[in-house]
Amino acid sequence: MTLNGKLSLLVCGGAGYIGSHMARMIAEAGHEVTIFDNLSTGHKEALKWGRFIQGDLRNPADLDAAFKGTHYDAVFHFSALIVVSESVEKPFDYYENNVTGTLNLLQTMHKHGVKRFVFSSTAAVYGDPVMDIITETHPLSPLNPYGRSKLFVEEILEDYATAYGMDSVRFRYFNAAGAHPDGTIGEAHNPETHLIPNILLSSIDKGRRLKIFGSDYPTPDGTCVRDYVHILDLCSAHLAAVVYMAQNPGSHCFNLGNGQGFSILEVLKAAGDVIGHRIEFDFEPARAGDSPRLVADSSKALAELKWKPRYTDLREIIETAYRWHKNPVY
Ligand code: UFG
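I will try to describe carefully the structure that is included in this document.

The rules behind the values
- Residues numbered from 1 in each chain as written.
- Predicted model: local features only at pLDDT ≥ 70, side-chain atom pairs only at ≥ 80, totals over all residues.
- Heavy atoms only, no water.
- Near = heavy atom within 4 Å.
- Polar contact = N/O pair within 3.5 Å; in protein donor to acceptor, adjacent residues only side chain to side chain.
- Areas by Shrake-Rupley, 256 points an atom, 1.4 Å probe, with all protein chains shown as cover.
- Helix = DSSP H or I, 4+ residues; strand = E, 2+ residues; numbered from the N terminus.
- Pairing = 2+ DSSP bridges.
- Phe/Tyr/Trp six-rings, centres within 6.5 Å; stacked < 30°, edge-to-face > 60°.
- Buried < 20%, exposed > 50% of the residue type's maximum accessible area, 1.4 Å probe, protein only.
- Lys NZ or Arg CZ within 6 Å of the ring centre and 35° of its normal.

Let's talk about the site of the ligand
Next up, step 1: Around the ligand, the surrounding shell holds 19 residues, and the nearest of these are Thr122, His194, Lys211, Arg226 and Asp290.
Next up, step 2: Take Thr193: an N or O atom from its main chain is 3.3 Å from an oxygen atom of the ligand.
Next up, step 3: Interatomic distance of 2.8 Å between a backbone N/O atom of Leu195 and an oxygen atom of the ligand.
Next up, step 4: Computed on the free molecule, the ligand has an accessible area of 680 Å², of which 94% lies beneath the protein chains in the complex.
Next up, step 5: Contributions of two or more residues to the shell around the ligand are made by helix H6 (195-204) and strand E8 (210-213).
Next up, step 6: Residue contributions to the shell around the ligand peak at three residues, all from E8.

This is the structure:
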């Protein structure tokens, strides 16, 4: 499948980690990109591609302004609060941003006749896995408000497809990782909560010691198992989704992962190989809301979207992240 002609695409959350890589990929593919972001967690320095509109999803007037005068062929939605443990403590913030904000966006799209939407959902919608390798048919039972906020939107999207003919692709990302290989954009959360950045930061900043959350999960070494997928592979799936929606109306969901599970200790070992030395750590109690194991079966995306991850080696994924963390621009 190929994309024919120049498209106009709106990237909500385009100043953030995944959104900035997406904006760049869209621009480099020769399409027009508009970024909508409130800069609450995103970075101005990452706004190097396309037109930027500052606004907040919680404010319908901001959204209206972003849609006035421009027709978008599709909207990609990366704006969300994403920290699982924080969602347990602040459910209102998560439901307001992730559910109400998205509903405002969908309603604005509907009002302006924009019919195609790609949604960043999450493996967290599955909760405790009842399958070793998770397919899209796995029961949906999120363990925390973050996962529930994403599942609510998935359900809303099915209703929008039925009622308003809005087409959507819902991507259930497993663990997004890595950075653009040229090292000019990358992952920068504050505070950083994700495993790979925290490993790399603790190796660079000697005052920062790595904590590993939980040592008695029902996994081979007692630490959580995750499926790490490169950021550029996630982005390429979004472009494939635009083509897919043109031929397949309705609302569709796809897992995006590499299909390989790595425990925290295995990730630590791989990172040590990339960095060239071992990383010291302390075990801490398990974090609230963490699932023991999340590993994707992405064969549906492979078959239907013709999506194929290019970064299948965990060390290579970590290398791209390390290039960024050694010399971050923001
Ligand atoms: N972890 C540590 N130490 C750290 C950071 C993380 O031990 O400093 C552990 C976590 O407890 C977890 C694993 O490493 O067991 C991975 O944690 P991340 O925070 O990197 O990723 P999560 O799996 O919690 O969450 C990520 C995204 C979510 C998404 C989820 C789906 O942040 O948005 O993947 O798998 F929902």
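Now, onward.
Some points on the sheet that holds strand E12 (residues 262-263)
Next up, step 1: Reading across the sheet, the three strands line up as E12-E9-E14 and stay open at both edges, with mixed pairing between neighbours. Each of the sheet's edge strands pairs with one partner strand only, and the pair in question is E12 and strand E14 (293-294).

Considerations on the packing of aromatic side chains
Next up, step 1: Under the definition given, this model contains nine aromatic pairs.
Next up, step 2: For the ring pair Tyr244 and Phe254, a centre distance of 5.4 Å and an interplane angle of 85 degrees mean the geometry is edge-to-face. Linking Tyr244 in helix H7 (residues 231-247) with Phe254 in strand E11 (residues 251-256), this pair joins segments that are 10 residues apart in sequence.
Next up, step 3: The class for Tyr244 is buried, based on a relative accessible area of 5%.
Next up, step 4: Members of the aromatic cluster, each reached through a chain of ring pairs, are Phe171, Tyr244 and Phe254.
Next up, step 5: Here the guanidinium or amino end of Lys300 rests over the ring plane of Phe254, the centre of that ring lying 4.8 Å away.

Some details on the side chain of His21
Next up, step 1: Inspection of the secondary structure assignment puts His21 in helix H1 (residues 17-28).
Next up, step 2: Taking the relative accessible area as the measure of exposure, His21 reaches 1% and is therefore buried.

By themselves, these observations are geometric and do not establish any function.
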